[in-house]
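The chain contents come next:
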Amino acid sequence: MKVVKGLIAGIAMVLASSVCAQQYAARTEVHPIQSMTLSTAQFLSGKTDGKPVTLAGELRVPVGKPGTKFPTLIAVHGSSGIGINIDRWAHELNSIGVAVFLLDSFTGRGITSTVADQGLLDHLAMLYDAYRALDLLATHPMVDPQRIGVLGFSKGGVASVYAAMNRFNETYGSKKARFATYMAFYPPCYKYIDDEKIDAKPIRIFHGEADDYVPIAPCRDYVSRLQARGADVSIIGYPDSYHGFDSQTLPPQVRLPQAQQAVKCRLEEGAGGSIVNIDTGKPFERTDACTGVGATVGYNKDAHMKAIEDVKREVKAVFKMESR
């Protein structure tokens, strides 16, 4: 009996260790990416004369059979760069058989953070980066080119949401593949010309209802406009959740006094690639009265755990994956 019990315990340990191993990459690769730095005006005007830059990204390939082509998500970080939250998402997605490409839009440009100065890198420049990462992954031998999605966080959420626009795809998108899904955590949402003309693939937004850094309301408005046109788009709001609610190293609530924000601004694209402040009718400036500094961030374990379930469910559905 003792031998049998010992054998059962040993098998249990092996199984547990196998499950744990699946949460980590079986292989990690670092790849250079040739991109360019575009201002918002350049991007919206369809320009391609930005400053060339070499970026990098880390591909984490999950445990799987040799020869497998994995579904993959490109993770686009926010204003603080690649943090522990994105690392955790990579582990969670690897555990269900999804590869993750951690795109670094900052280091190659000599940027550490844009929290105190969002002008260091325009949001849409990171969208261009995401398209170039798609170019790279579409020809990778361990990536399924038909199952590549994008997952953006905050500033990087602009890249993941608006990469779905037909206009941007036609001007800057990859000629090798199209994104299979567009997913974003607490992104800022704006109004761009023709932003209702989008790819038919699903858009999924995950947002904190208590977010005072990047409020949920503009994204709800955008989702409503898209749904009215029959788009496959949805938004989940997590109660009592601030910006960065999936970042485990944060306390439940902390104030960032230096954080540059525009929560009171109503913005839309105007002529010539400009962003217009609707209330003034003039091109938006970071010194406009609607702008300010100071925002709340904080970890919410319940919301984080629920978001992990929600993301895995959506990923398995869109990539047509068997349970793992």
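Relevant structure appears above.
Just so we're clear, the structure is a prediction, and the values are computed from it rather than from any experiment.

Cut-offs applied
Position numbers for residues count from 1 along each chain, tracking the sequence in the order it is written. Reporting of local features is limited, given that this is a predicted model, to residues whose pLDDT is at least 70; pairs of side-chain atoms are given and counted only at 80 or more, and all residues count toward the totals for whole chains, interfaces and linings. To obtain the side-chain values, all non-hydrogen atoms of the structure were included, while hydrogens and water were left out. Runs of E in the DSSP output that reach at least two residues are strands. Runs of H or I that reach at least four are helices, and both are numbered from the N terminus. We call a residue buried when its accessible area falls under 20% of the maximum for its residue type, exposed when it is over 50%, and partly exposed in between, using a 1.4 Å probe and counting protein chains only. The contact definition used throughout considers only heavy atoms, calling two residues in contact when any of these lie within 4.5 Å. Residue exposure ignores everything except the shown protein chains as possible cover, and the areas themselves are Shrake-Rupley values with a 1.4 Å probe. Any two strands are treated as partners once DSSP identifies two or more bridges connecting them. Axis lines are fitted to C-alpha atoms, over the contacting stretch for helices. Their N-to-C directions set the angle, which ranges from 0 to 180 degrees. Here roughly perpendicular refers to angles of 65 to 115 degrees, roughly parallel to angles under 35, roughly antiparallel to angles over 145, and oblique to all remaining angles. For a crossing to be left-handed, the near helix must be turned anticlockwise from the far one by less than a right angle; the clockwise case is right-handed.

Asks: Please explain the overall build of the protein as it appears in this structure.
Replies: Across its full length, the protein carries 8 helices and 13 strands. Along the longest, intermediate and shortest principal axes, the C-alpha atoms of the protein span 80 × 45 × 40 Å. Burial statistics for the protein: of 324 residues in total, 53% are counted as buried. Within the protein, contacts between residues at least 6 apart in sequence are counted, and of these 78% link residues at least 24 apart. Surface accessibility of the protein: about 14,600 Å² in total, with carbon and sulfur atoms responsible for 56%.

Asks: How do you make sense of the sheet that holds strand β11 (residues 275-277) when you look at a structure like this?
Replies: Two modes of strand pairing occur in sheets, parallel and antiparallel, and in both the strands are linked by backbone hydrogen bonds. An order of β10-β11-β12 is seen for the 3 strands of this open sheet, with the pairing classed as antiparallel. The open sheet is flanked by β10 (267-269) and β12 (282-283), the only strands paired with a single partner. As defined by bridge partners, β10 adjoins β11 across 3 bridges and the pair is classed as antiparallel. When the bridges of β11 are listed, Glu269 appears paired with Ile275.

Asks: What is the right way to look at the packing of helix α3 (residues 84-94) against helix α8 (residues 301-318) in this model?
Replies: Helix-helix packing is described using two parameters, namely the angle between the two axes and the distance between the axes. Two elements in contact, α3 and α8, have axes whose closest approach is 11 Å; the angle formed by their N-to-C orientations is 45°. Compared by their axis directions, α3 and α8 come out oblique. Once α3 is placed against α8, the crossing between them reads as right-handed. Residue-level inspection shows Arg88, Trp89, Glu92 and Leu93 of α3 in contact with α8, the latter providing His304, Met305, Ala307, Ile308, Val311, Lys312 and Val315.

Asks: For this particular structure, what's the right way to read the sheet that holds strand β2 (residues 51-61)?
Replies: Spatially, the 8 strands line up as an open sheet ordered β1-β2-β4-β3-β5-β6-β7-β8, and their pairing is mixed. Unpaired on one side and paired on the other, β1 (27-37) and β8 (233-238) mark the two borders of the sheet. In this sheet, adjacent strand axes meet at a mean angle of 20° when their direction is disregarded. Both strand β7 (residues 203-208) and β8 contribute to a ladder of 6 bridges, which runs parallel. Counted as the bridge partner of Arg204 is Ser234 from β8.

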